[in-house]
Amino acid sequence: MLDEIQKLALETIQINKQALIFLPSRASAEKTAEDLSHLTSLSQPDLEHAILKVVSSPTKQCRRLSHCIKKGIAFHHSGLTNDQKDIIETAFREGKIKIICCTPTLAAGVSTPAFRVLIKSLKRFNDRWGQDWIPVLEYLQMVGRAGRPEFEKFGEAIVIAKNEAEKEEIYEKYICGVPEDIYSKLAAEPTLRTYLLSLIASGIIRDNNSMHEFFSKTFWAHQYQDLPKLQTIINKMLTMLKDWEFITLTNSVSNNSEFTPASKLNQPKEQQMRATLLGKRTSELYLDPLTAKHLLDNLNNFTNNKKNFSLLQMISHTLEMRPLLRVKAKEQDYIQEQLVKNYDSLLKEEPSAYDLDYDDFINSIKTALFFSEWIEEKDEDYLLEKYNIRPGEVKVKLDLAEWLLYASEELSKIKNNNHAIKEIHKLRLRLQYGVKEELLALLKLKGIGRIRARKLYLNNLKDIGDIKTVDLTTLSQILGKALAEDVKQQVGEDVPKQISSKKRLGQMSLGKY
DNA sequence: GGCAGTTCTATATAGACAGCATGTC
DNA sequence: CTATATAGAACTGCC
C-alpha cells in the first residue's frame, strides 16, 4: 500500500514535475528513495555508471544509489562523496532526476529548487531530548526550496502530519510560528576560548578594559544578560589560557579573585594580556586551545618507541573529530583486544572505566583503527563494512585528521621535537593517499596515486630509480602508454618527441570520454 | 533441507567549519 | 519534552 509521501511523489512525476522529499535520517532517505525507485518506469542508465565510479571500490551505499538513480530517483545526505552530490544536483537541475530524498543537507547548500517539497516529519532526534521539533528556521529553509521562479509561478510545500492533533500543532508552531532568535555561537565554551585567545593574539584585547569593551559590543553579551556570570566564565578561561602557557598575565593588582565584580570592569586596570608564541601559533591554526593543550601533552610523550597508532589515537580523541566512530555491542571484545595490543602506543593513560570520558576514549580507539586501516590501503567498501563509515564521511574524517596532524606538526616545530615532526610528516602523506610507507617514494610522481603506485610496486618497480631503468614498453603495460611516457619524462628520461606529442592527443581524448 | 513470511532486536539518529596547496582513478 | 525507523537476525511454518 502506498503511503502519502509515495502517492504525492508519484503524482509529481505524473504531472512532469520534480520534488524534494525531506526526511529525518539518512537511513529513511535511502529507503524512501529505494521504495520509490521500484514504483517508477523512468530510466537513466548513464547516471548509474557515474555514481559507481567515484570511489575506487563501490560500496553497498554506492550500489544502492546507482540502482535508485537509474530509475530517476536519488537520495542525498552527508554520507555521499561530493562527486556523487554534484552528479545528483546537476542531474536534478537538468530534469534527469525527478525526486531527491534528502536530509537537511539540501536545505542549506547550493540552491536546488523543486516544484514540490514534501516533508515527512518535522521532528528529529536530538541528543538532549530524544525526538524533538526542529527549529522553525529550518522548516523555512526546506519550504523555501519549493518553486522555481524561472519556470513556475508558484511552488508547493507539503508537511505530513500523523494525526489531527499533530496537524494543529504543526499549524500553530510552524505555519503561524515565528523563527526563533539566532543565538550567539560565542556562548559555547570551545568557541569562546578560541575567540578569546585569538583576540589576545591579535592585540585587540590587551587588558581588562579592552576586553570588556569588546565583549560588551558582541551579540553574545547583548543576549547574555547576566554580566557577572559572563565575567566569571571569561576569568576562568583566562586562567586556563595562562596555565596552559598560551598567554601571559602581568598585573600589579592582585589576581587572586576569580570573581571580579562587573562594576570593576570599567576601571582601567594594569593587567596586561599577551599571547605567547605558542598561543599565537595555536590561534593562527584555528585550534581550540583545549585541543592544542591536548596535542602538546600527547606529543610530549611521543618517544622513539611510539607508533603511528599513537598519533592517530591522539587526533581521534579530540572534540574536533566528533562524532567518533561508535563501538557497537558486538564489537566490544574486538576493540578491547586491539586496545590491549596497542596499549604501549598510547600517549596518555587510559581513563578509568567510570570516567565520563571513557566512551569517547573507547570510540577514539575505533576511530584510530579506522585510520590505521586506511593507511594499510583498505578500500571504501571494506571500511564501510567493518567500520560503518560511508565514503562521504571517510573524506571528512581524513580532512580533519590532516588538519589536526598539520597543527601537531607545527606545534612540534615550536617545541623542537624533531622526531615528532618527521613521523607526523610521513603519516600525513600516508593519510592523504591511503598507502603503506613503502609506496611513498612512488607518490612523488604526478598522476600516480594509491592504486597505480601499488600496481607499480607489485611489478617490482619500487622507487624512482626503478622507474628510470625500466623500459618504456614494460611501463606502458602497467600504466598505459600515455601515462608511462609522462612518468618517464618526469624522472628525466627522454622520450622521442613525436611520440610525446601523440601522447598529449591521447590524453585529451581520454579526458573527454 | 530450504524457502517465504513473520517477529524480535540492535542500532543509529542533520550537517560542516578550521590550515595549506594541488591533483587521483 | 527520552522516540522511531531500519536492517538484519532469529524464528516459524510450510513444501
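This structure is a prediction, so every number in the text was calculated from the model and none was measured.

Turning our attention to the pattern of salt bridges. Overall, the coordinates contain 35 salt bridges when judged by the stated rule. Here Glu-34 and Arg-64 are joined by a salt bridge, their closest N and O atoms 2.9 Å apart. Separated by 30 residues along the polypeptide, Glu-34 in helix α2 (residues 26-37) and Arg-64 in helix α4 (residues 60-69) bring together distant segments of the chain. Salt-bridge contacts for Glu-373 lead to Lys-378; the nearest nitrogen and oxygen are separated by 3.4 Å. Judged by its relative accessible area of 10%, Glu-373 falls in the buried class.

On to the protein's contact with DNA strand C. In the neighbourhood of DNA strand C, the contacting residues comprise Ala-27, Ser-28, Lys-31, Lys-60, Arg-64, Phe-125, Trp-129, Gln-131 and Asp-132. In the model, a phosphate oxygen of DNA strand C is placed 2.8 Å from a nitrogen or oxygen of the Arg-64 side chain. Secondary-structure elements contributing two or more residues to the surface near DNA strand C are α2, α4 and β6 (130-133). Examining the composition of the surface near DNA strand C, we find that 3 residues originate from one element, α2, more than from any other. Broken down by class, the residue content of the surface near DNA strand C amounts to 3 nonpolar, 2 polar and 4 charged.

Bringing the confidence of the model for chain A into the picture now. Per-residue pLDDT for chain A averages 88, and the proportion of residues at 70 or more is 92%. Considering only residues more than four positions removed or in separate chains, one finds that residues 498-513, a stretch of pLDDT under 50, has 10 contacts.

Our focus in this paragraph is the packing of aromatic side chains. The geometry of two aromatic rings is summed up by the distance between their centres and the angle between their planes. Taken as a whole and assessed by the stated rule, the structure comprises 8 aromatic pairs. When the centroid spacing of 5.2 Å and the interplanar angle of 55 degrees are considered together, the rings of Tyr-139 and Tyr-174 count as tilted. Of this pair, Tyr-139 sits in helix α7 (residues 136-143) while Tyr-174 is found in helix α8 (residues 164-175), placing the two residues 35 residues apart along the sequence. Overall, Tyr-139 belongs to the buried group, its relative accessible area being 9%. You can call Tyr-174 buried: its relative accessible area is 1%. Between Lys-378 and the ring centre of Tyr-382, over which it is positioned, the NZ or CZ distance is 5.4 Å. Here the guanidinium or amino end of Arg-450 rests over the ring plane of Trp-374, the centre of that ring lying 4.0 Å away.

Another point: helix α18 (residues 380-387). What α18 keeps buried is the set Glu-380, Leu-383, Leu-384 and Tyr-387. What you see down the axis of α18 is that its buried residues fit within an arc of 105 degrees, all on one side. Residues of α18 that are buried sit in contact with α4, α16 (332-341) and α17 (358-374). Among the residues of α18, the N-terminal cap falls to Asp-379, whose side-chain oxygen and the backbone nitrogen of Asp-381 are separated by 3.2 Å. Among the residues trailing α18, Asn-388 stands out with phi positive, at a value near 55 degrees.

What follows covers unusual backbone geometry. The amide bond that connects Arg-322 to the next residue, Pro-323, takes the cis arrangement and shows omega of 0 degrees. Here the phi dihedral of Tyr-286 falls at roughly 60 degrees; this positive angle occurs in a residue that is not glycine. For Tyr-286, the location among the structural elements is in the loop between α13 (277-284) and α14 (289-300).

Let us look at the protein's contact with DNA strand B. Near DNA strand B lie 33 residues; those nearest to it are Arg-26, Ser-78, Thr-103, Tyr-433 and Gly-449. If you look at DNA strand B and keep only atoms within 4 Å of the protein, 56% of those are sugar or phosphate atoms. With respect to DNA strand B, the backbone of Ile-451 contributes an N or O atom lying 2.8 Å from a phosphate oxygen. In this structure, a phosphate oxygen belonging to DNA strand B sits 3.3 Å away from a main-chain N or O atom of Arg-452. Elements with a contribution of two residues or more to the surface near DNA strand B: β5 (123-126), α19 (391-414), α20 (418-433) and α21 (450-458). Top element by residues in the surface near DNA strand B is α19. It accounts for 5 residues. Taken together, the residues of the surface near DNA strand B break down into 13 nonpolar, 8 polar and 12 charged.

Analysis parameters
- Residues numbered from 1 in each chain as written.
- Chains lettered and ligands numbered in written order.
- Predicted model: local features only at pLDDT ≥ 70, side-chain atom pairs only at ≥ 80, totals over all residues.
- Heavy atoms only, no water.
- Salt bridge = Lys/Arg side-chain N within 4 Å of Asp/Glu carboxyl O.
- Helix = DSSP H or I, 4+ residues; strand = E, 2+ residues; numbered from the N terminus.
- Buried < 20%, exposed > 50% of the residue type's maximum accessible area, 1.4 Å probe, protein only.
- Near = heavy atom within 4 Å.
- Polar contact = N/O pair within 3.5 Å; in protein donor to acceptor, adjacent residues only side chain to side chain.
- Nonpolar A, V, L, I, M, F, W, Y, C, P; charged D, E, K, R; others polar.
- pLDDT = per-residue confidence, 0-100.
- Contact = heavy atoms within 4.5 Å.
- Phe/Tyr/Trp six-rings, centres within 6.5 Å; stacked < 30°, edge-to-face > 60°.
- Lys NZ or Arg CZ within 6 Å of the ring centre and 35° of its normal.
- Arc of directions from axis to C-beta.

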